Amino acid sequence: MVGSIAAIGMGLAVIGAGIGIGNIGAKAMEAIARQPEAVGDIRSNMILMAALVEGAALIAIVMSYLVR
Amino acid sequence: MRFKTIITFSILIFFGSASLNAGQEENHGDNHELSCEDISHDHDFDAGTTAFHHIADANVYSIGPLQIPLPCILYNKQDGLSMFLSSKFGFDNLGHGDGHYAYEGYVLDGGTVRMVADPNFPKEKTEIKGIVHDIENNAFVCMGDQMYPTYAKSTADFGLFGGGITPFFDFSITKNVVSMFLVFMFMLFIFIKIAKAYRSREGQAPIGLQGFIEPIFVFIQDEVCKPFLGSKYLRYQPFIMSLFFFILGLNLFGQIPFFGGSNVTGNLAFTAVLAILAFLVTNFSGNKHYWMHIIWMPGVPAWVKTILTPVEVLGVFIKPLTLMLRLFANITAGHMVIIIFVSLIFIFGNNGTNLAGGLGTVIPSGLLTLFMMSIELLVAFIQAFVFAILTASYIGAAVEDHHEAAH
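Attention in this report is confined to the structure presented alongside it. These numbers were taken from a predicted model, which means no experiment stands behind them. (Residues numbered from 1 in each chain as written. Chains lettered and ligands numbered in written order. Predicted model: local features only at pLDDT ≥ 70, side-chain atom pairs only at ≥ 80, totals over all residues. Heavy atoms only, no water.)

The subject of this paragraph is the sheet that holds strand 12 (residues 168-170) of chain B. Residues and elements named next belong to chain B. Strand order in the open sheet formed by 3 strands is 4-3-12, with antiparallel pairing between adjacent strands. Only two strands of the sheet have a single neighbouring strand rather than two, namely strand 4 (80-85) and strand 12. Averaged over neighbouring strand pairs, the angle between their axes works out to 20° when direction is ignored. In the sheet, strand 3 (residues 71-76) pairs with strand 4 via 6 bridges, with the strands oriented antiparallel. Of the residues in strand 4, the one forming a bridge with L74 is S82. (Pairing = 2+ DSSP bridges. Helix = DSSP H or I, 4+ residues; strand = E, 2+ residues; numbered from the N terminus. Axes fitted to C-alpha atoms, helices over the stretch in contact; angles between N-to-C directions.)

All names here are of chain B. A positive phi is found at E104, a non-glycine position, where the angle reads about 50°. Position of E104 among the secondary structure elements: in the loop between strand 5 (101-102) and strand 6 (106-109). Although it is not a glycine, F258 adopts a positive phi angle of roughly 65°. Here F258 lies in the loop between helix 6 (233-255) and helix 7 (268-284).

Right, let's get into helix 4 (residues 175-200) of chain B. Taking 1.5 Å of rise per residue, the 26 residues of helix 4 of chain B would be expected to cover 38 Å, and the 38 Å separating its terminal C-alpha atoms lies within 8% of that figure. Residues K175, N176, V178, S179, V183, M187, I190, I194 and A197 of chain B constitute the buried set of helix 4 of chain B. (Expected span 1.5 Å × (residues − 1). Buried < 20%, exposed > 50% of the residue type's maximum accessible area, 1.4 Å probe, protein only.)

Any two side chains of opposite charge can pair, given that their charged atoms come close. Residues and elements named next belong to chain A. Inspection of the entire model under this criterion finds 5 salt bridges over all chains. Note that R34 is salt-bridged to E30, the shortest N-O span being 3.7 Å. A residue pair is termed a helical-turn pair when its members lie 3 or 4 positions apart in one helix, as R34 and E30 do in helix 1 (residues 5-34) at 4 residues. Owing to a relative accessible area of 37%, E30 belongs among the partly exposed residues under this scheme. (Salt bridge = Lys/Arg side-chain N within 4 Å of Asp/Glu carboxyl O.)

Let's shift gears to the pairing of strand 1 (residues 60-63) of chain B. Residue and element names in this part refer to chain B. Pairing geometry for strand 1 and strand 2 (residues 66-69), over 4 bridges, is antiparallel. Residue Y61 lies in a different strand from strand 2, and its bridge partner there is I68. Linking strand 1 back to strand 2 in an antiparallel pair, the connection comprises 2 residues, with G64 at a positive phi of about 60°.

Below, the discussion takes up the nonpolar core. Residues and elements named next belong to chain B. One finds V224, L229, I240, F244 and L390 to be the most contacted residues of the largest nonpolar core, which totals 56 residues. No other element matches helix 6, which puts 12 residues into this core. Residue contacts for V224: discarding those within four places in its chain leaves F219, L229, I240, F385, A388, I389 and A392. V60, L74, L108 and F168 belong to the second largest nonpolar core, which has 13 residues in total. (Core = buried A, V, L, I, M, F, W, Y, C linked by side-chain atoms within 4.5 Å. Contact = heavy atoms within 4.5 Å.)

Nothing here speaks to function; it is geometry throughout.
As structure tokens, this is what we get:
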């Protein structure tokens with residue numbers, strides 16, 4: 001099998017980001033359902049938070065690729 | 001490169017074709033001596049290589065299969081500056097941008113200029129047999145019976161796409177630069193036109209292009225600038241708007257199929273410049289509260305400050321770093337997935353030998369690509385929005401007025 005431990009690192013980082021973004025999405029849906037009139041605020045904050053979570057995962061992915 | 005193999009592998013395993021898997025293993029696994037006999041093998045289909053070739057910057061501009069030469073401006077210490085059109089490399093007009101000639105010690109490899117490492121390599125226009133690559137994707141020029149190694153590409157991508165520290169500098173008007181100029185001109189045209197319309201139609205409802213851009217502009221103003229930048233938002237709004245519309249324009253321009261397929265926002269050097277701009281604006285407009293919260297956080301015990309200060313100082317640099325990586329990774333991943341979905345046709349068609357397999361994959365692969373492209377349209381907007389909103393929030397945190405009662 002061709003590959004390296006870095007690939008496992010990338011996968012782990014993606015799992016973390018997946019859980020994080022999944023939680024954000026779930027909570028945002030819940031919040032929208034509770035308060036449909038606040039959908040605009042919730043959506044832009046959701047995107048902001050998802051971007052922040054994603055940032056950590058992307059650093060991990062790029063690092064694991066660079067130091068492979 | 002192992003990464004390409006991983007991508008190829010994951011795609012192949014995903015579609016459960018064990019026989020193809022074994023074939024790939026053969027190509028990459030054995031360590032046979034590289035020679036000029038491999039020129040013909042070098043064009044065997046490999047989805048990873050194809051993807052990396054298409055998302056990389058190039059010294060030719062391709063519209064469909066047609067290759068258009070671009071000016072090369074190259075510098076190295078021994079030979080100094082050299083300027084010429086990349087058509088001097090004599091690439092095929094309907095090919096992949098492989099030059100048939102070496103010129104002034106440079107060769108064109110898959111659309112990108114490389115410098116031959118041997119200083120005795122002839123400087124005038126010389127015919128070469130071809131270029132071969134080893135597993136690490138180092139290129140070797142075949143001329144006569146000899147193989148000449150070349151330096152890595154001169155692209156500021158920290159070695160991610162085979163660029164890195166090289167003894168020559170490539171200041172050429174590359175594909176990405178041309179795309180940037182095109183989008184820049186287009187934006188200038190649109191916004192000057194709209195500005196004129198606002199002046200001549202003051203107090204009236206917007207029409208035409210004006211009516212298309214105004215909701216986007218007002219959306220960014222209301223969702224990004226006003227909530228994050230506070231009362232002084234008008235001071236930073238031009239910067240945020242320029243970032244948003246330039247990134248959006250480049251993202252969308254990169255989505256146009258067969259028209260250059262430029263990947264400007266998926267270029268680490270480009271996103272790094274944007275992130276450095278955001279970093280400079282944030283830190284130069286930071287007030288004393290901002291710096292005090294970084295260096296000596298008020299209201300926490302002294303021993304906590306010894307931990308907090310290094311973290312906050314690191315945070316100053318990590319913020320633009322994530323800005324850079326987020327845009328780069330999202331757009332690059334999008335382009336790569338699209339290319340690999342198209343590549344499925346050639347993987348199943350076994351590079352032309354299995355016509356039925358290839359034809360059978362055309363429709364599923366086309367549908368997958370269309371699906372991915374529509375997602376990428378969404379991502380183009382979201383990433384431009386995210387870049388703008390994050391920059392605004394960083395600047396907003398730096399210029400915020402702190403009331404001591406809040407602590």
